[in-house]
Amino acid sequence: MAHTPVNHPARPIYRAIGGLTGLYLVVFGVLGIVASTGNEILAQDDTRVLGQGTNLGFSLLSVLLGIVVLVGTALGRNIDVAINQWLAYSLMVVSLAGLAFIRTDANIFNFSITTVVVVMTAALVLLMVGMYGKVGTEDEAEAFQKARLVL
């Protein structure tokens, strides 16, 4: 039995939201690369992009993750669901680690509190998109509806 909705009526909207989240990550990463050009890859300085602390390493990671989300969104067929869910969990770990190490030398991505909040928000959006974007057969959708009505 599925634990997430199948063929949700708003699935195109959720897919678009996932694509916009991926686009945001790419734009943030590109702006971060431009702003931190010439610095060390894991510099801990005052580089800010869109109000968030960043460095070349986190900017490159953001571009990579954004491209992965955009490719998953373009492919669809539940590949986007798996990508969005796994990246959501990964971003949550990165965000919480950034929060834990924010005022230490272990802050390798030069996170600020704003960065932590934005990364966690992006992770939660991707998780939501992954939960409601699943596509299945009519039988799977009907089985989900019957199970939902029983609960």
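The structure displayed is predicted, hence computed values, not measured ones. (Residues numbered from 1 in each chain as written. Predicted model: local features only at pLDDT ≥ 70, side-chain atom pairs only at ≥ 80, totals over all residues. Heavy atoms only, no water.)

Caption draft 1: Summary view of the overall build of the protein. Helix and strand content of the protein: five helices and two strands. Reading the secondary structure of the protein in the N-to-C direction produces α-β-β-α-α-α-α. Each of the three principal axes of the protein carries a C-alpha extent, and together these read 55 × 30 × 20 Å. Looking at the protein as a whole, 43% of its 151 residues are labelled buried. Within the protein, contacts between residues at least 6 apart in sequence are counted, and of these 73% link residues at least 24 apart. On the protein, the mean spot of the 8 positive side-chain charges and the mean spot of the 9 negative ones are 8 Å from each other. (Helix = DSSP H or I, 4+ residues; strand = E, 2+ residues; numbered from the N terminus. Buried < 20%, exposed > 50% of the residue type's maximum accessible area, 1.4 Å probe, protein only. Contact = heavy atoms within 4.5 Å. Lys, Arg positive; Asp, Glu negative; His and termini not counted. Charge placed at Lys NZ, Arg CZ, Asp CG, Glu CD.)

Caption draft 2: The arrangement of the packing of helix α1 (residues 11-35) against helix α2 (residues 56-75) in detail. Running from amino to carboxyl end, α1 crosses α2 at an angle of 155 degrees, the nearest separation of the two axes being 7 Å. One finds that α1 runs roughly antiparallel with respect to α2. Crossing angle aside, the handedness with which α1 passes α2 is left-handed. Looking at the contact of α1 with α2, its residues break down into 16 nonpolar, nine polar and one charged. (Axes fitted to C-alpha atoms, helices over the stretch in contact; angles between N-to-C directions. Parallel < 35°, antiparallel > 145°, perpendicular 65-115°, else oblique. Left-handed = near helix turned anticlockwise from the far one by under 90°. Nonpolar A, V, L, I, M, F, W, Y, C, P; charged D, E, K, R; others polar.)

Caption draft 3: Quick peek at the nonpolar core. Residues F58, L87, L91, F111 and L126 are the most contacted members of the largest nonpolar core, which totals 20 residues. Looking at this core, the elements that each hand over two or more residues are α1, α2, α3 (79-100) and α4 (113-132). In terms of residue count, α4 provides more of this core than any other element does, six residues in total. Excluding residues within four positions of it along the chain, F58 makes contact with F28, F109, F111, T115 and V119. (Core = buried A, V, L, I, M, F, W, Y, C linked by side-chain atoms within 4.5 Å.)

Caption draft 4: Spatial organisation of α4. With 20 residues, α4 should reach 28 Å at 1.5 Å per residue; the first-to-last C-alpha distance of 29 Å fits that figure. Here α4 has its buried residues at T115, V116, V119, M120, A122, A123, L126, L127, V129 and G130. Of the surrounding elements, those touching the buried residues of α4 are α1, β2 (52-53), α2 and α3. (Expected span 1.5 Å × (residues − 1).)

Caption draft 5: Geometry of the UniProt feature "transmembrane region" (unreviewed entry) in the protein. UniProt annotation of "transmembrane region" (unreviewed entry) refers to residues 12-36, 56-74, 86-102 and 108-129 when read in the numbering used here. As annotated, residues 12-36 comprises 96% helix and 0% strand, and the C-alpha atoms at either end are separated by 36 Å. The span residues 56-74 shows a helical share of 100% and a strand share of 0%, and its end C-alpha atoms are spaced 27 Å apart. (UniProt positions renumbered as here; feature names shortened; annotations may be inferred.)

Caption draft 6: Geometry of the environment of A123. Secondary-structure assignment places A123 in helix α4. Between the alpha carbons of A123 and L87 there is a distance of 7.2 Å; along the sequence they are 36 residues apart. Every residue in contact with A123, bar those within four places of it in the chain, is listed here: A88, L91 and M92.

Caption draft 7: Summary view of empty space enclosed by the protein. Using the criterion set out here, one finds one cavity of 30 Å³ or more in the structure. There is about 40 Å³ of room inside the largest cavity. As for the largest cavity, its lining consists of Y24, L25, F28, Q52, F58, S62, V118, V119 and A122. Among the elements of the structure, α1, α2 and α4 are those that each provide at least two residues to the lining of the largest cavity. Residue composition of the lining of the largest cavity, by class: seven nonpolar, two polar and no charged. (1 Å grid on protein atoms, 1.4 Å probe; cavity = no way out; pocket = protein on both sides within 12 Å on 5 of 7 lines; lining within 4 Å. Points joined across faces, edges and corners; volume = space filled by probe spheres on them.)

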